[in-house]
Amino acid sequence: MRPKNYSQMEKPISIATGKFRTNNNNNNHNNVWFVVPLFFILCFVLLCFDYSALFTDTDETAFSISDVTQKSTSSEFTKDDNFSRFLDDPSPDSSCSGRYIYVHELPYRFNGELLDNCFKITRGTEKDICPYIENYGFGPVIKNYENVLSRQSWFTTNQFMLEVIFHNKMMKYRCLTNDSSLASAVFVPFYAGLDMSRYLWGFNISVRDSSSHELMDWLVVQKEWGRMSGRDHFLVTGRISWDFRRQTDNESDWGSKLRFLPESRNMSMLSIESSSWNNDYAIPYPTCFHPRSVDEVVEWQELMRSQKREYLFTFAGAPRPEYKDSVRGKIIDECLESKKQCYLLDCNYGNVNCDNPVNVMKVFRNSVFCLQPPGDSYTRRSMFDSILAGCIPVFFHPGTAYAQYKWHLPKNHTSYSVYLPVKDVKEWNIKIKERLTEIPEERVVRLREEVLRLIPRVVYADPKYGLDGNEDAFELAVKGMLERIEEVREMMRQGKDGSDGFDDRDDYKYTFSPYEEPQVLA
């Protein structure tokens, strides 16, 4: 449903003056009757006059405009919405200088239609993705907490809903503008992940690439594109970036070619896992915790800080025997050998529903360390679940976190995690239990405190939620994207080529060498 149009206020009705006829035969008498009615009329006008117009409060006026803008912005995109927006820009706000974002109103087929036909997205699988669209893309509210979760703000969130969540968050962003000349960045709300999910199995590459071609054909003719040839444009997806970088036209190859289209190479993309190319950026997987207030975050942090932890380490996942280089088999073996010091949450073949955060958090909050090996790709949502639980993540490859979430996680990775690099599973010589028990208790406390401090930085808060100066995952992603676009803009101001290095490939991004400093145990 389109937002209601707001009509302008009617102007106050003006009072017209007229002539009063006088009778010359009885001038004095008529003058009295002329003055008396006129006196009463003037008194009535003075009583009815709106004196507030003479004492306009500029702060109240600004609040009123902002309030109308907020109310007229679509607050939640569901499959019943048509994704139109109605924004009346206030005069430029100095606090938004350099932060204004313009949102393209794309043709409906690029976002809303995908939600209307959500049953087609996971066609051929057992998972029905439609329920996950509810509540701004957070999914159904969790009602059975089992004394594990706090009693509010927990949802059954699907990781692939990031693009829907981000779009809804963006429509509540404080510095939106419908004047693209004011914008420092242009957001393109194309649900690339949901679109491609319809065609992953049983479709040829022309079908898989069709929406990508149509999107770029639409974008390049918009006036906003010409300003920086698209280098101030960005989109968000709930899939890994590699899914959009199919390098050949072989029908058997995976994914789409969106990010290799010439025009698309000028844009930036935010996703749950970045690729080796410089214009792909990683932002956190959506967890199931979407707080509505700072107090909720603090309450949860305190709960996890005071939690007694029964297990030294834990692993939640399934083996990957199809991947010869996977370390998961070794990790599972060591966990089983460690008996009561390690808990194995077996997510294989539905043994445990690991999509239910109650099952995951029940284990993670009782563990000191949470093992985070690569899975189908470098990254996994489990690492963010472990941060939520105050469980110190243990990484085996730099591509799982260190080379990814640079806007959200500390550059000094030893401040919040343990790194046990495994370059070749055939040379596995790590004794996980021994390595973890070597870490002094004082450092364990420091690590956990840093992990707890990261919680507000890796959650996507309720779109109505104010962080009182703190920044959630969305705010940090927007901030990082604006800074990157400004770097390119500054290059262009200096007469340099804005494309220089913009979409280059970094072949060293996921190598071990940048992270090979000795692991600090003290």
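Residues numbered from 1 in each chain as written. Predicted model: local features only at pLDDT ≥ 70, side-chain atom pairs only at ≥ 80, totals over all residues. Heavy atoms only, no water.

**Observations regarding the overall build of the protein**
Argument step 1. The number of helices and strands found in the protein is 14 helices and ten strands.
Argument step 2. Looking at the protein as a whole, 51% of its 522 residues are labelled buried.
Argument step 3. Taking as baseline every contact in the protein between residues at least 6 positions apart, the subset at least 24 positions apart corresponds to 75%.
Argument step 4. In the structure as shown, the protein presents an accessible area of about 26500 Å², 51% of it carried by carbon and sulfur atoms. (Helix = DSSP H or I, 4+ residues; strand = E, 2+ residues; numbered from the N terminus. Buried < 20%, exposed > 50% of the residue type's maximum accessible area, 1.4 Å probe, protein only. Contact = heavy atoms within 4.5 Å. Areas by Shrake-Rupley, 256 points an atom, 1.4 Å probe, with all protein chains shown as cover.)

**Quick word on the pattern of salt bridges**
Argument step 1. The tally for this structure, following the rule as stated, stands at 22 salt bridges.
Argument step 2. Residues Arg109 and Glu214 are paired through a salt bridge, measuring 3.2 Å at the closest nitrogen-oxygen approach. Pair noted here: Arg109 is in the loop between strand E1 (101-103) and helix H3 (112-116) and Glu214 is in helix H6 (residues 205-219), with a separation of 105 residues, a long-range link.
Argument step 3. Owing to a relative accessible area of 37%, Arg109 belongs among the partly exposed residues under this scheme.
Argument step 4. Note that Arg246 and Asp249 form a salt bridge whose closest N and O atoms lie 3.4 Å from each other. (Salt bridge = Lys/Arg side-chain N within 4 Å of Asp/Glu carboxyl O.)

**Some details on the sheet that holds strand E10 (residues 418-419)**
Argument step 1. The strand order E7-E6-E8-E9-E10 describes an open sheet built from five strands, whose pairing is parallel. Looking along the sheet, the strands with just one partner apiece sit at the ends: strand E7 (342-346) and E10.
Argument step 2. With two bridges connecting them, strand E9 (residues 392-395) and E10 associate as parallel partners. Residue pairing in the sheet places Val394 in a bridge with Val418 of E10. (Pairing = 2+ DSSP bridges.)

**Concerning the sheet that holds strand E3 (residues 233-236)**
Strand pairs in the sheet, formed through backbone hydrogen bonds, run parallel or antiparallel to each other.
Argument step 1. In spatial order, the strands read E1-E2-E3-E4-E5; together these five strands make up an open sheet with parallel pairing. Here the strands that pair on one side only, and so sit at the sheet edges, are E1 and strand E5 (280-282). Going from strand to strand, the sheet's axes swing by 30° on average, the running direction of each strand aside.
Argument step 2. Together, E1, strand E2 (185-187), E3 and strand E4 (268-271) form the strand contacts of helix H4 (residues 162-170), whose direction differs from that of E3 by roughly 125°. (Axes fitted to C-alpha atoms, helices over the stretch in contact; angles between N-to-C directions.)

**Section: the state of the cysteines**
Argument step 1. Per the stated rule, a full pass over the model turns up five disulfides.
Argument step 2. The partner cysteine of Cys118 in its disulfide is Cys130, sulfur to sulfur 2.0 Å. Sign of the S-S torsion, about 110° for the bond between Cys118 and Cys130, identifies this disulfide as right-handed. With Cys118 in the loop between H3 and H4 and Cys130 in the loop between H3 and H4, this residue pair connects regions lying twelve residues apart in the sequence. Here the two residues Cys118 and Cys130 agree in accessibility, since each one is buried.
Argument step 3. Put simply, Cys347 and Cys354 are joined by a disulfide, and their sulfur atoms are 1.8 Å apart. Its S-S torsion of approximately -85° makes the covalent link between Cys347 and Cys354 left-handed.
Argument step 4. Residue class for Cys347 comes out partly exposed when judged on its relative accessible area of 23%.
Argument step 5. With its disulfide-bonded cysteines labelled consecutively along the sequence, the protein is connected as 1-4, 2-3, 5-6, 7-8, 9-10. (Disulfide = S-S within 2.5 Å.)

**Brief notes about unusual backbone geometry**
Argument step 1. The backbone of Asn147 sits at a positive phi, close to 55°, despite the residue not being glycine.
Argument step 2. The residue Asn147 is located in the loop between H3 and H4 in this model.
Argument step 3. Given the relative accessible area of 64%, Asn147 is considered exposed.

**Section: the packing of helix H8 (residues 294-305) against helix H13 (residues 441-458)**
Argument step 1. The N-to-C vectors of H8 and H13 enclose an angle of 160°; their axes lie 10 Å apart at closest approach. With respect to H13, the element H8 is oriented roughly antiparallel. As for how H8 packs across H13, the hand of that crossing is right-handed. Residues Val297, Trp300, Gln301, Met304 and Arg305 of H8 touch H13, and the partners they reach there are Glu449, Leu452, Arg453, Ile455 and Pro456. (Parallel < 35°, antiparallel > 145°, perpendicular 65-115°, else oblique. Left-handed = near helix turned anticlockwise from the far one by under 90°.)

**Structural notes on the packing of aromatic side chains**
Argument step 1. Tallied over the entire structure, the rule returns 24 aromatic pairs.
Argument step 2. Ring centres 6.2 Å apart and planes at 40° place the aromatic pair Tyr285 and Phe384 in the tilted group. Highlighted residues: Tyr285 in the loop between E5 and H8 and Phe384 in helix H11 (residues 382-388), separated in sequence by 99 residues. Considered together, Tyr285 and Phe384 belong to a single accessibility category, that of buried residues.
Argument step 3. Within the aromatic cluster, the residues linked to one another by ring pairs are Phe166, Tyr173, Phe187, Phe234 and Phe474.
Argument step 4. In this arrangement the basic side chain of Arg231 is found over the ring face of Phe502, its NZ or CZ atom lying 5.9 Å from the centre.
Argument step 5. Between Arg245 and the ring centre of Phe260, over which it is positioned, the NZ or CZ distance is 5.1 Å. (Phe/Tyr/Trp six-rings, centres within 6.5 Å; stacked < 30°, edge-to-face > 60°. Lys NZ or Arg CZ within 6 Å of the ring centre and 35° of its normal.)

**Digging into H6**
Argument step 1. Taking 1.5 Å per residue as the helical rise, H6 with its 15 residues ought to reach 21 Å, and the 22 Å between its terminal C-alpha atoms agrees with that figure.
Argument step 2. Taken as a whole, H6 carries its principal kink of about 30° at Ser211.
Argument step 3. Turning to H6, its buried residues number three or more, namely Ile205, Arg208, Asp209, Ser211, Ser212, Leu215, Met216 and Leu219. (Expected span 1.5 Å × (residues − 1). Bend = angle between axes of the 7 residues up to and from the residue.)

**Quick notes on the confidence of the model for the protein**
Argument step 1. Averaged over the protein, the pLDDT score is 82; the fraction of residues at 70 or greater is 78%.
Argument step 2. Confidence over residues 48-90 falls short of pLDDT 50; this stretch has 73 contacts with residues more than four positions distant or in other chains. (pLDDT = per-residue confidence, 0-100.)

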